[in-house]
Each structure stands twice: as structure tokens, then as C-alpha cells.
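Residue-level structure breakdown
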Amino acid sequence: MTTHPVTVERLRGLAWPVMMAGGLLLVLFAQVQWGSTDEGVEPSITGLGRVTILGASDDDVAFFFEDNTGRPGLSVVVLGAVIALVAALGWWRPRLRPSAVGLIGLASIVVLVVGIRTLSDPAAHLFSDRVSEALDADLPEMQAGYGLIGTVVVGILLLAAVGFWVLSTVWPRSVAGEPTERTGLNRTGLSQTDESS
């Protein structure tokens, strides 16, 4: 009968390294492709605003796109680093866990908002209006890159981990017939010595 509480405790312990890894993944995903298109010169762009165009040198691309790209991934980098650091502290010091899980939950929500907002229209959030003015055309339709999709998925998984940790604190730690940690009584209100007599 102790399998369920033991399993929950093990999963609660695993939540911290999982959340730390999630924070590090966010930092990584912000630096890779967030959008790409097959139109025109076929640009692709990272969450930090770095544009790559096939056949063009990095200097030429930087000259044209400098200060003309959005950088929604910058906030994801910061929040991912915060999540990783806070999760490491929570893993290391159990007394910090309630505050840590609250901070991780809040940061994950912000990451998710940034990711979903960018996912709704990658070109509009990754390029400034000055790019369309310079091209004298509308911004191209962009497909979401694997970095953007990964950011949203990790944000959802982090919120799920936070939700599990919070809910598992509410779940009873003992099962019927077993003494609780505080009172030494089982759920029927009898102590182990009463039951044996």
C-alpha cells in the first residue's frame, strides 16, 4: 500500500532537475530558428533576431537587418536562465521549494505568452515595420521554426511540472491503515497499538 505515496515523492523529487533542464532548453531554443519562409530571398530568423539568407554574407545581412528585427527570444533567454537557477536552488534547498515553484510557474506563463503571441504571426513579431517599408512590400508569410515550437512545448511542460508539484502537496501522504507523520494515527483515528489490541 505504500507504492503510491513513494511514487509521488519520487516524482516530486524528479520535478526539480526536469524544471532545471526545461529552463536550459528555453535558453537554447531562443537562439535557434523561430521563423522561416520560402518566399523571396528565403530568410530565416532566430528568437534573438539573427537573420540568415542563403547565398548572402553575414555582413550584408547584418547591414540590412540591423535594428530592424524583433527579439522576443531575449526575454525567453532571461526567463529560461532564471527558471534553471531557481530550479537548481529548489533542488538543493527543500525549504526554498514553495517560493521557487511559484517563481517558475510565473516565468513559465510569461514564456508561454511570448511564444504563443509570436506563433500567431511570426513575421510581424520577428521583423519591424521598417523591413516591409524598405522592401516596399508586405512582410512574407513565415512558418514557425523549431525553436519557437520548442519554446511553446517546453513552456507547457514546465507549467505541467509546476502544477503536478503543487497538486502533489495537497494529496494525502498516507494511505488508509497507515499512521500519518504528525499524529501517528491512521485514517480511522486509531493508533497502531490500538489496532493490535
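Higher on the page you've got the structure.
Residues numbered from 1 in each chain as written. Predicted model: local features only at pLDDT ≥ 70, side-chain atom pairs only at ≥ 80, totals over all residues. Heavy atoms only, no water.

1. Observations concerning the nonpolar core
The tendency in soluble globular proteins is for nonpolar side chains to be buried side by side. Grouped together as the largest cluster of nonpolar side chains are 32 residues, with contacts concentrated most on Trp16, Met19, Leu26 and Ile104. Mapped by element, the contributors of at least two residues to this core are α1 (3–29), β3 (51–53), α3 (72–92), α4 (97–120), α5 (122–126) and α7 (146–170). Residues within four places of Leu26 in sequence aside, it is in contact with Val76, Gly80, Ile83, Val111, Thr151, Val154 and Leu158. (Core = buried A, V, L, I, M, F, W, Y, C linked by side-chain atoms within 4.5 Å. Buried < 20%, exposed > 50% of the residue type's maximum accessible area, 1.4 Å probe, protein only. Helix = DSSP H or I, 4+ residues; strand = E, 2+ residues; numbered from the N terminus. Contact = heavy atoms within 4.5 Å.)

2. Details of the packing of aromatic side chains
Tallied over the full model, the rule gives 1 aromatic pair. Looking at Arg93, its charged tip hangs above the ring of Trp92, at a distance of 4.1 Å from the centre. (Phe/Tyr/Trp six-rings, centres within 6.5 Å; stacked < 30°, edge-to-face > 60°. Lys NZ or Arg CZ within 6 Å of the ring centre and 35° of its normal.)

3. Describing the pairing of strand β1 (residues 33–36)
Bridge count between β1 and strand β2 (residues 43–46): 3 bridges; the pairing is antiparallel. The residue bridging Gln33 from the neighbouring strand is Thr46, located in β2. The sheet contact formed by β1 and strand β4 (residues 143–144) spans 2 bridges and is antiparallel. Its bridge partner lying in β4, Ser36 is registered against Gln143. (Pairing = 2+ DSSP bridges.)

4. Observations concerning a nonpolar patch on the surface
On the surface, Val78, Val82, Leu103, Leu106 and Val110 cluster together into a nonpolar patch covering about 380 Å² of accessible area. Contributing elements (two or more residues each) for the nonpolar patch: α3 and α4. A per-element tally of the nonpolar patch places α4 first, with 3 residues. Considering the arrangement of structural elements, one finds Val82 in helix α3. Its relative accessible area of 31% is what places Val82 among the partly exposed residues. (Patch = residues over 30% accessible without salt bridge, like charges linked within 9 Å, V, L, I, M, F, W, Y side chains within 5 Å. Areas by Shrake-Rupley, 256 points an atom, 1.4 Å probe, with all protein chains shown as cover. Salt bridge = Lys/Arg side-chain N within 4 Å of Asp/Glu carboxyl O.)

5. So, the side chain of Thr46
Looking at where Thr46 falls in the secondary structure, it is placed in strand β2. Looking at Thr46, the relative accessible area reads 11%, which means it is buried.

6. What to know about the sheet that holds β1
Sheets are built from strands paired through backbone hydrogen bonds, the pairs being either parallel or antiparallel. The antiparallel open sheet is built from 4 strands, whose spatial order is β3-β2-β1-β4. Unpaired on one side and paired on the other, β3 and β4 mark the two borders of the sheet. Pairing geometry for β2 and β3, over 3 bridges, is antiparallel. Bridge pairing in β3 places Ile45 opposite Val51.

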